[in-house]
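What follows is the residue order along each chain.
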Amino acid sequence: MPCLVIPAPLFAQDVPEVALAEALVIPARTEVVLRVDVEISSKTAKRGDKFPLTLVSDIRVGDYLLVPAGATGEGEVIHSVGKGFGGSAGELLLAARYLNIGASKLKLQSFKIAKTGANNSAEAIVATNLFLPAGLFVTGSSAVVPAGQVAAAKTAEAFSMPANEAAISELQPEEQD
Amino acid sequence: MRTYTITALGLALIAAPAMAATKGSATPEMIAAAPEGQGQIIFWRSGTMVGKAMGCGVNIGAERISALGAGRYFILNTAPGAYEFNAKSEAKDVLNLEVDAGDTTYVKCTIKMGVMAGRPNLSPSNAEEFNEKRSGLKYVDSDDIGPKVFADPGLIAADAAVAE
């Protein structure tokens, strides 16, 4: 993972120790933007299935970049129901579990991907009115989260960057014209 | 005869938006966030004709939380964690949810076709979908407000107005 690491002695000259210690902590409920790396369908997914996630935008605290975009993590399927007879739609609920920060895991919550396929109950009822058993064979559609779907999550707790893993770069102020 | 038909159609078109406006609350009450450390789930059911006569009982295990008639909603504030909600008729539908502190989760109930009777179905929803239907929804009746269900926001607002 490419990132700029400023040597500790250089930091010591520029940044007070207290400020640096604070900068090394990612507060709880910090928003992170994640990408689902594989397609997930209610047709095949089961509750408890794991799937890969990637951090889309850097996690920054103050002027410091703590976790660069590209960090990988894992999510979990917490609810999956396939499409069914009677026009019922497939359902999917996904949760983000963690991002890998070196050997540590940054726990996540509040992932908001909930998908429901097309519900064809009304069509099933129409079919039933035409021919009684027909409605049972009208199905809805599967819920699908495409690979590349992006959604926000939040950090579940305050996370202290492990000192030996901290990849902190001091952001350069934007150049003035 | 043709003139009467066109006039009647015109009157119906003019009257339709007004009727829609009076159907639900024009300015729905604000829904207060869950108390600190808790999460919120909003269960709702649209007022469609499909399965209108059927109730949609919402349970956690065997414990009844509330029941949604057509065009109703209710609020459940609860501790963070994993929950398994279910709705039962001739078949049991299960929805697994994870509630996070400070978050609001939306669940809708629809009635799908069954062999002998309609089957309530709980499925994931979202704020956009709920807000789109909100003006046509009413809070569940008082006899459907169990000990865990949040009080009617409309009554809370009315009580606050009286107190002022």
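Residues numbered from 1 in each chain as written. Chains lettered and ligands numbered in written order. Predicted model: local features only at pLDDT ≥ 70, side-chain atom pairs only at ≥ 80, totals over all residues.

## Quick look at the confidence of the model for chain A
Residues and elements named next belong to chain A. Selection rule: pLDDT runs from 0 to 100 and stands for how confident the predictor is about each residue. What counts as a helix is a DSSP run of H or I of at least four residues, what counts as a strand is a run of E of at least two, and both are numbered from the N terminus. Two residues qualify as a contact pair if the distance between their C-beta atoms, derived from the backbone, is within 7 Å.
For chain A, the mean per-residue pLDDT works out to 78, and 64% of the residues sit at or above 70. Mean pLDDT values for the elements of chain A range from 47 in helix α1 (residues 8-14) up to 97 in strand β4 (residues 50-55). Taken as a whole, residues 1-12 scores under 50 in pLDDT and shows 13 contacts with residues more than four places along the chain or in a different chain. A low-confidence stretch, residues 171-177 stays under pLDDT 50, and its non-local contacts, those more than four residues away or across chains, total two contacts.

## Focus on the pairing of strand β10 (residues 113-116) of chain A
All names here are of chain A. Heads up, the condition is: Three exposure classes are used. Buried residues have 20 or more other C-beta atoms within 10 Å of their own C-beta, exposed residues have 12 or fewer, and partly exposed residues fall in between, all C-beta atoms being placed from the backbone. Strands pair, by our definition, only if DSSP identifies at least two bridges between them.
Of the two faces of β10, both are covered, the one formed by Ile113 and Lys115 as well as the one formed by Ala114 and Thr116. Two elements, strand β8 (residues 91-101) and β10, share four bridges in a ladder whose sense is antiparallel. The residue of β10 that forms the bridge with Glu91 is Thr116.

## Some remarks on the environment of Ser66(B)
Inspection of the secondary structure assignment puts Ser66(B) in strand β3 (residues 63-68). The residues contacting Ser66(B), other than those within four sequence positions of it, are Val58(B), Phe74(B), Val140(B), Asp144(B), Ile145(B), Gly146(B) and Val149(B).

## Considering the nonpolar core
All names here are of chain A. Quick reminder of the rule: Each nonpolar core comprises buried Ala, Val, Leu, Ile, Met, Phe, Trp, Tyr and Cys residues, the members being joined through C-beta atoms within 7 Å.
With 36 residues, the main nonpolar core has Ile40, Leu92, Leu94 and Leu108 as its most contacted residues. With seven residues, the single largest contributor to this core is β8. Every residue in contact with Leu94, bar those within four places of it in the chain, is listed here: Ile40, Gly75, Val77, Ile78, Phe111, Ile113 and Val145.

## So, unusual backbone geometry
What is expected of a backbone is that most residues other than glycine have negative phi and most peptide bonds are trans. Residues and elements named next belong to chain A. The phi dihedral of Arg29 falls on the positive side, at around 65°, and the residue is not glycine. Looking at the element boundaries, Arg29 is found in the loop between β1 (25-26) and β2 (31-36). Given 16 C-beta atoms within 10 Å, Arg29 falls into the partly exposed group. Here Ser110, not a glycine, exhibits a phi torsion of approximately 60°, which is positive. The residue Ser110 is located in the loop between β9 (104-109) and β10 in this model. On the basis of neighbour count, Ser110 is assigned to the buried category, with 22 C-beta atoms found within 10 Å.

## Looking at the sheet that holds strand β2 (residues 56-60) of chain B
Residue and element names in this part refer to chain B. Stated formally: The convention used is that axes are lines fitted to C-alpha atoms, helices contributing only their stretch in contact, and that angles between N-to-C directions extend from 0 to 180 degrees.
Strand order in the open sheet formed by four strands is β3-β2-β5-β6, with antiparallel pairing between adjacent strands. Of all strands in the sheet, those with a lone pairing partner are β3 and β6 (92-99), marking the two edges. Across the sheet, the mean angle from the axis of one strand to that of its neighbour is 30°, orientation sign disregarded. The sheet contact formed by strand β5 (residues 81-88) and β6 spans eight bridges and is antiparallel. If you follow Glu84 over to β6, its bridge partner there is Asn96.

## Comments concerning the sheet that holds strand β8 (residues 119-125) of chain B
Residue and element names in this part refer to chain B. With mixed pairing, five strands are arranged side by side in an open sheet as β8-β7-β1-β4-β9. Of all the strands in the sheet, the pair left with one neighbour each is β8 and β9 (138-139). The pairing of strand β1 (residues 39-45) with strand β4 (residues 72-78) spans seven bridges and is classified as antiparallel. Residue pairing for β4: Gly39 is matched across the bridge by Thr78. Lying on the sheet, helix α2 (residues 127-134) is in contact with β1, β7 (104-112) and β8; it crosses β7 at an angle near 65°.

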